[in-house]
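# Commentary on secondary and tertiary structure
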Amino acid sequence: MNEQPKVLTAAEEEASISRSMMKWINTYPDLPVNIANYEQLKADVSSMALSTIQAAAVVKRFITGGHQGEYQFKIVYRIKPGNSNDARLQADELLNAIGDWAANNYPTLGDNITVRKLEATTRSSLFAIYENGDEDHQILFRMLYEVI
Amino acid sequence: MDDEEIIEETEDEEEVADLTFNTTAGNTVERELMIAYLNTGTSQSPTWSPIGKRVEDSSIELDWSEETKNDILGQTYTNFKKPTLTQTFDPCELDGGDTAQVKIWNMAIKDRDYAGLTNLDMLIVHFYAGTAATPFAERYSACAVRPTGLGGEGGGAMTMPIEVTYGGTRTVGTASKDSTTGAISFSAAT
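Before going further, it helps to examine the overall build of chain B. Within chain B one finds two helices and 11 strands. If one aligns the C-alpha atoms of chain B with their principal axes, the spans along those axes are about 70 × 50 × 40 Å. The buried share of chain B, taken over its 190 residues, is 21%. Expressed as a percentage of contacts within chain B between residues at least 6 apart in sequence, the contacts between residues at least 24 apart total 57%.

Rendered as structure tokens:
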């Protein structure tokens, strides 16, 4: 009832993290596309994007200065499976594999900013179906980081 | 004691002028402008390492041993004693980069140096008071630093909460922070 409103992190901090996250996701060894994009998916071709869910927020402030922030994001994989259930299952398997990989391969976010925890908060699932046959599958993540 | 000596004595006891806050008037003072440091170097060549990394809430508690009484005329009087200062840092997650914590861990966990833990040199810097470049600071020569536990829940970080009682000789002065290295130095007031 008395939940404190979230305090957003500085826009500069969030932008810097998003850039680092783009470099990080593109280091995944079995990426099914040439480049995973930021917030952009192409129609009629297989594509992948990293997308923020909501603005990064401060979750803790420390007495010596610095803070812990939360950055929520998702990875969306667009496929055109036709009638292939196997293609749909493969898409979910791929995203779940990225989820497991992420938990053990934290991104580098820059000087004085480190990842405390990164985990998938869901398993991959179908997110949307379009008239042209495209399907979007997605997995959600939550990352806690510290600026000290 | 002749008249001249009396005058000198009076001058010696003259109080130093009140300090002002160097923060913007009308704004509250940020918590991070008061930091406690542990001397992880030597007495002659101190290295001041901050305590409280990742701690969200910690205050210095002042116990004045207050005693209030009403006399037979109906007047109320209150007595204070010099305050005892204590501060708790909880949860204090273990971090190999936290020099103060590593020193305390070695003394408490590895060496069981209970005598040494009651004789630690600490500095409190009030960055908001005095000038911004040379803020007010107080050094305590024999503080008791008491880790109250070591552990934590599975999947989380290991923690070592710490309770500090500031003690020993209190020396006031100013601190300065190296703009490049961030190292703290202390100068006693003359």
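A word on the overall build of chain A. A tally of regular secondary structure across chain A gives two helices and seven strands. Taken from the N to the C terminus, the helices and strands of chain A come in the order β-α-β-β-β-α-β-β-β. By principal-axis analysis of the C-alpha atoms, chain A measures approximately 55 × 40 × 25 Å. Residue burial in chain A is summarised as follows: out of 148 residues, 26% are buried. Contacts in chain A between residues at least 24 apart in sequence constitute 57% of all its contacts with a sequence separation of at least 6.

All names here are of chain B. In this sheet, strand β10 (residues 170–177) lies alongside strand β8 (residues 135–147) in antiparallel orientation, the contact comprising five bridges. Opposite alanine 137, over in β10, you have glycine 173 as the bridge partner. Here β10 runs beside strand β11 (residues 184–188); their pairing, made up of five bridges, is antiparallel. Among the inter-strand pairings, serine 176 is bridged to a residue of β11, identified as serine 185.

Time to look at unusual backbone geometry. All names here are of chain B. Residue proline 91 is bonded to the preceding aspartate 90 through a cis peptide linkage, with omega at 15°. You can see proline 91 is positioned in the loop between β6 (84–89) and α2 (99–110). Located in the positive-phi region is arginine 112, a residue other than glycine, with phi close to 50°. Relative to the elements of secondary structure, arginine 112 occurs in the loop between α2 and β7 (120–130).

When the parts of a complex come together, some accessible area is lost, and that lost area is often used as the size of the interface. With 10 residues of chain B in contact, the opposing surface of chain A contributes seven residues. For the side of chain B that touches chain A, the per-class residue count stands at three nonpolar, two polar and five charged.

Our next topic: the environment of Ala189(B). Residues and elements named next belong to chain B. On the secondary structure map, alanine 189 appears in the segment after β11. The class of alanine 189 is exposed, set by 10 C-beta atoms lying within 10 Å. Between the alpha carbons of alanine 189 and alanine 129 there is a distance of 15 Å; along the sequence they are 60 residues apart. The contact partners of alanine 189, leaving out residues within four places of it in the chain, are Val172 and Gly173.

Attention now goes to the environment of Ala188(B). Residues and elements named next belong to chain B. The topology assignment puts alanine 188 in strand β11. On the neighbour-count criterion, alanine 188 (10 C-beta atoms within 10 Å) is exposed. It is 8.5 Å that separates the C-alpha atoms of alanine 188 and glutamate 138, two residues lying 50 residues apart in sequence.

We now examine the confidence of the model for chain B. Atom-level detail of predicted coordinates should not be read off regions where pLDDT is low. Of the residues in chain B, 92% reach a pLDDT of 70 or more, and the chain-wide mean stands at 93. Model confidence for the complex: the whole-complex pTM is 0.83, and ipTM, which rates the interface, is 0.81.

Right, let's talk about the nonpolar core for a bit. Residue and element names in this part refer to chain A. In terms of nonpolar packing, the biggest core is built from 28 residues, with Leu50, Ile75, Tyr77, Leu95, Ile139 and Phe141 touching the most fellow members. Of all the secondary-structure elements, those providing two or more residues to this core are α1 (11–25), β3 (47–61), β4 (67–79), α2 (85–104), β5 (113–120) and β7 (135–147). Here the element with the most residues in this core is β4; it accounts for six residues. Among residues more than four places away in sequence, those in contact with tyrosine 77 are Met48, Ala91, Leu94, Leu95 and His137.

Moving on to the environment of Gln138(A). Residue and element names in this part refer to chain A. Note on placement: glutamine 138 falls in strand β7. On a C-alpha basis, the gap between glutamine 138 and lysine 74 in space is 6.6 Å, while along the polypeptide they are 64 residues apart. In contact with glutamine 138, not counting residues within four places along its chain, are Lys74, Ile75, Val76, Ser124, Ser125 and Phe127.

Residue and element names in this part refer to chain B. Looking at chain direction, strand β1 (residues 34–39) and β7 are connected through five bridges and run antiparallel. Paired with tyrosine 37 across the two strands is leucine 123, which belongs to β7. Direction of pairing for β7 relative to β8: antiparallel, over a ladder of seven bridges. Bridge pairing in β8 places leucine 120 opposite cysteine 143.

The rules we used
Residues numbered from 1 in each chain as written. Chains lettered and ligands numbered in written order. Predicted model: local features only at pLDDT ≥ 70, side-chain atom pairs only at ≥ 80, totals over all residues. Helix = DSSP H or I, 4+ residues; strand = E, 2+ residues; numbered from the N terminus. Buried ≥ 20, exposed ≤ 12 C-beta atoms within 10 Å, placed from the backbone. Contact = placed C-beta atoms within 7 Å. Pairing = 2+ DSSP bridges. Nonpolar A, V, L, I, M, F, W, Y, C, P; charged D, E, K, R; others polar. pLDDT = per-residue confidence, 0-100. Core = buried A, V, L, I, M, F, W, Y, C linked by C-beta atoms within 7 Å.

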